Amino acid sequence: MIPLEHYLYLSGVVFTLGLCGVMMRRNIIMMLMGIEIMLNAANLALVAFNKYMPPGPDGTVPMDGQVFVFFTIAIAAAEVAVALAIAVALFRRLDTVNVDDVANLRW
Amino acid sequence: MAELLFWLMGGGMVFFTMLTIWSRNPVHCTVFMILSFAATAGLFVMLDAYLIAAMEVLVYAGAILMLFLFVIMMIELRDEEQEGLRLNPLMLVAAATFLLLLGRAVGDLGPVVQSQANEMIGSPAPLAEALFTRFVVPFEAVSLLLLGAILGVVVLNQRSRDERASIGPATPDAGGGSAAPGSGAPSVPGAGAGAGVADGSAS
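The residue numbers shown here count from 1 along each chain, following its written sequence. Chains carry letters from A onward and ligands carry numbers from 1 onward, assigned in written order. Only residues with pLDDT of at least 70 are given local features in this predicted model, and only at 80 or more are side-chain atom pairs given and counted; all residues enter the totals for whole chains, interfaces and linings. Excluded from the side-chain calculations are hydrogens and water; all other atoms, namely the structure's heavy atoms, are used.

1. A closer look at helix H3 (residues 50-74) of chain B
Stage number 1. Strands here are runs of E lasting at least two residues and helices are runs of H or I lasting at least four, both read from the DSSP assignment and numbered beginning at the N terminus. Given the number of residues in a helix, its expected span is that number minus one, multiplied by 1.5 Å. Taking 1.5 Å per residue, 25 residues should reach 36 Å; H3(B) reaches 34 Å between its end C-alpha atoms and fits that length.
Stage number 2. One axis fitted to the seven residues ending at a residue, another fitted to the seven starting there: the angle between these axes is the bend at that residue. Where H3(B) bends most, the angle comes to about 25°, and this point is B:Leu65.
Stage number 3. Within H3(B), the full set of buried residues consists of B:Ile52, B:Ala53, B:Met55, B:Glu56, B:Tyr60, B:Ala61, B:Ile64, B:Leu65, B:Phe68, B:Leu69, B:Val71 and B:Ile72.
Stage number 4. What makes two residues a contact is simply this: any of their non-hydrogen atoms within 4.5 Å. On its buried face, H3(B) is in contact with helix H2 (28-51) and helix H3 (64-94) of chain A together with helix H2 (26-46) and helix H6 (124-132) of chain B.
Stage number 5. Positive backbone phi, at 40°, marks B:Glu76, one or two positions downstream of H3(B). The rule is simple: take the accessible area with a 1.4 Å probe, protein chains only, and divide by the maximum for that residue type; under 20% is buried, over 50% is exposed, in between is partly exposed.

So, in structure tokens, the structure goes:
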């Protein structure tokens, strides 16, 4: 049986990789991919926690972790749709998807 | 057996995630990310979350990454290939610190969870029961959120009136790949026509 810590370390490593992706890329679509990787790593941790959750008073295991993953996936889908629409609108208007070129609001 | 599978899937997940981050070609990035999500779905199966594994494949690999591929091909990302990545030592320090803190946090997890895994929690019935009883309000809120996202996407990529007039229907001479501003968004003509009909009936 694989201990919970293994899953958590794996999730942490993948989360950090996603963070590196967001920081290293200057392309808004690739940054979004990094965000998706981070969400996915969090999903893995949630499902692993659910597997190791103590049973409730009636002996059944609560499914809270998997319910939260369900919500995370739905929200990630909505987020990606809106963010990619913003990227397309940006490309149509400014002809770029590089975040350094979109600095109009920078002080 | 289970350990071997875990190392295989976990190693695959990390490996393909790294390839996603460091690959230059955006299309390759997307394909590697699909593989990484497939490995994650395998880990979910090992954790008895069969419904979540199916959703991962259907929604993430099937829908979300298809959307990524679609947009990447639509707006022809090219500059990334020459530009390369931006590497800053501060970033590596930040990532390493984050990983270290995470490792410490996992190290003294304490008695929050039990050390023994639960047997057989794979059935989707308790998951559905939780979703439709205790979590029914967030569930409905998510449906509203998805509706809002659909409307937001349509509004964001609707062309304004003068844009439509300037592009117009009569641009047959745009044959040589000159991507006119807003040549993407195949749904726009329909949306524009709908808006035009609405305007006509109003005036």
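Structure's up, so let's keep going.
2. Quick notes on the packing of aromatic side chains
Stage number 1. Only rings of Phe, Tyr and Trp enter the pairing, Trp through its six-membered ring, and a pair is recorded when the two centres are within 6.5 Å. The plane angle decides the type: under 30 degrees is stacked, over 60 is edge-to-face, the rest tilted. Summed over all chains, the structure comprises 11 aromatic pairs over all chains.
Stage number 2. With a centroid separation of 5.9 Å and an interplanar angle of 75°, the aromatic rings of A:Phe70 and A:Phe71 are classed as edge-to-face.
Stage number 3. The class for A:Phe70 is buried, based on a relative accessible area of 17%.
Stage number 4. Residue A:Phe71 is classed as buried on the basis of its relative accessible area, which comes to 8%.
Stage number 5. Counting every residue linked through ring pairs, the aromatic cluster contains A:Phe68, A:Phe70, A:Phe71, B:Phe132, B:Phe135 and B:Phe139.

3. Some remarks on the nonpolar core
Generally speaking, soluble globular proteins have nonpolar side chains that are buried together.
Stage number 1. Side-chain atoms within 4.5 Å link the members of a nonpolar core, which is a set of buried Ala, Val, Leu, Ile, Met, Phe, Trp, Tyr and Cys residues. In terms of nonpolar packing, the biggest core is built from 66 residues, with A:Tyr7, A:Leu10, A:Ile29, A:Leu44, B:Leu43 and B:Phe68 touching the most fellow members.
Stage number 2. Every element with two or more residues in this core is listed here: helix H1 (4-24), H2 and H3 of chain A together with helix H1 (2-22), H2, H3, helix H5 (89-107) and H6 of chain B.
Stage number 3. In terms of residue count, the dominant contributor to this core is H3(A) (12 residues).
Stage number 4. In this view, A:Leu44 contacts A:Tyr7, A:Leu10, A:Ser11, B:Met13, B:Leu43, B:Phe44 and B:Leu47; residues no more than four positions away in its chain are not counted.

4. Things to note about a nonpolar patch on the surface
Stage number 1. Nonpolar side chains collect at one region of the surface, where B:Leu144, B:Leu147, B:Ile150, B:Leu151 and B:Val154 lie side by side and expose about 500 Å² of accessible area between them.
Stage number 2. Along the chain, the position of B:Ile150 falls in helix H7 (residues 136-156). A patch consists of residues exposed above 30% relative accessible area that lack any salt bridge, with like charges linked at up to 9 Å and nonpolar side chains (Val, Leu, Ile, Met, Phe, Trp, Tyr) linked at up to 5 Å. We get accessible surface area from the Shrake-Rupley algorithm with a probe of 1.4 Å; when it comes to residues, only the shown protein chains can shield them. Any Lys or Arg side-chain nitrogen located within 4 Å of an Asp or Glu carboxyl oxygen qualifies as a salt bridge.

5. Observations concerning the state of the cysteines
Stage number 1. We call a pair of cysteine sulfur atoms a disulfide when they lie within 2.5 Å. With the rule as written, the count across this model stands at 0 disulfides over all chains.
Stage number 2. The structure places no disulfide on A:Cys20, whose sulfur is separated from the nearest cysteine sulfur, that of B:Cys29, by 14 Å.
Stage number 3. Its relative accessible area of 11% is what places A:Cys20 among the buried residues.
Stage number 4. Since its relative accessible area comes to 0%, B:Cys29 is described here as buried.

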